Amino acid sequence: MGDDQTAPQEAHSVMDLLAEHVPLTLLADLATTEPRSGEILRAEGLPADEWWADGAPETHPA
């Protein structure tokens, strides 16, 4: 892989979104004409921390 200076701007944009905790499944759905988040969810499974559920403890990385 090349260094950070040679990566295309699109790659920098995607990495910035991932750093801001935008779900990879959302980025995949936005990048294609067919939804793929279901396939990704089946492959990766749900996270142990159900952050979307009411009453779940808020754990946001610093």
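Criteria and cut-off values
- Sequence order as written defines residue numbering, which begins from 1 separately in each chain.
- With pLDDT at 70 or above as the cut-off, local features in this predicted model cover only qualifying residues; side-chain atom pairs require 80 or more to be listed or tallied, and sums for whole chains, interfaces and linings still use all residues.
- Think of the side-chain values as coming from all heavy atoms in the structure, minus any hydrogens and water.
- The way it works is that DSSP assigns letters per residue, a run of H or I at least four long becomes a helix, a run of E at least two long becomes a strand, and they are numbered from the N terminus.
- For the exposure calls, accessible area comes from a 1.4 Å probe over protein chains only, and a residue counts as buried if that area is under 20% of its type's maximum, exposed if over 50%, partly exposed in between.
- The method behind every accessible area is Shrake-Rupley, applied with a 1.4 Å probe, and residues are considered shielded solely by the protein chains displayed.
- pLDDT runs from 0 to 100 and stands for how confident the predictor is about each residue.
- Patch members must show over 30% relative accessible area and no salt bridge, and they are joined within 9 Å when carrying like charges or within 5 Å when they are nonpolar side chains of Val, Leu, Ile, Met, Phe, Trp or Tyr.
- The term salt bridge refers to a side-chain nitrogen of Lys or Arg lying within 4 Å of a carboxyl oxygen of Asp or Glu.

Colleague: Can you walk me through the overall build of the chain in this structure?
Modeller: Each helix and strand counted, the chain has three helices and zero strands in total. If you list the helices and strands of the chain from N to C, you get α-α-α. Each of the 62 residues in the chain was classed as buried or not, and the buried ones make up 5%. Split by element, the accessible area of the chain, about 5600 Å² in all, is 58% carbon and sulfur.

Colleague: Would you take a moment to explain the confidence of the model for the chain for this structure?
Modeller: It should be kept in mind that the predicted coordinates are not to be read in detail where pLDDT is low. The predicted model of the chain has a mean per-residue pLDDT of 76, with 76% of residues at 70 or higher. Here helix H3 (residues 37–44) is the element of the chain with the lowest mean pLDDT, 80, and helix H1 (residues 9–19) is the one with the highest, 87.

Colleague: Explain unusual backbone geometry here, please?
Modeller: Leaving glycine out, the prevailing phi sign among residues is negative, and the prevailing peptide bond configuration is trans. One non-glycine residue with positive phi stands out, namely His21, at about 70°. For His21, the position within the fold is in the loop between H1 and helix H2 (24–31). Accessibility expressed as a relative area gives 52% for His21, which makes it exposed.

Colleague: Sorry, what's going on with the environment of Ser37 here?
Modeller: Among the structural elements, Ser37 can be located in helix H3. Residues Ser37 and Leu24, 13 residues apart in the sequence, show an inter-C-alpha distance of 8.4 Å.

Colleague: Teacher, can you tell me more about a nonpolar patch on the surface here?
Modeller: A cluster of nonpolar side chains, namely Val14, Met15, Leu18 and Leu24, defines an oily patch on the protein surface of about 340 Å² accessible area. In terms of residue count, H1 provides more of the nonpolar patch than any other element does, three residues in total. Relative to the helices and strands, Met15 is located in helix H1.

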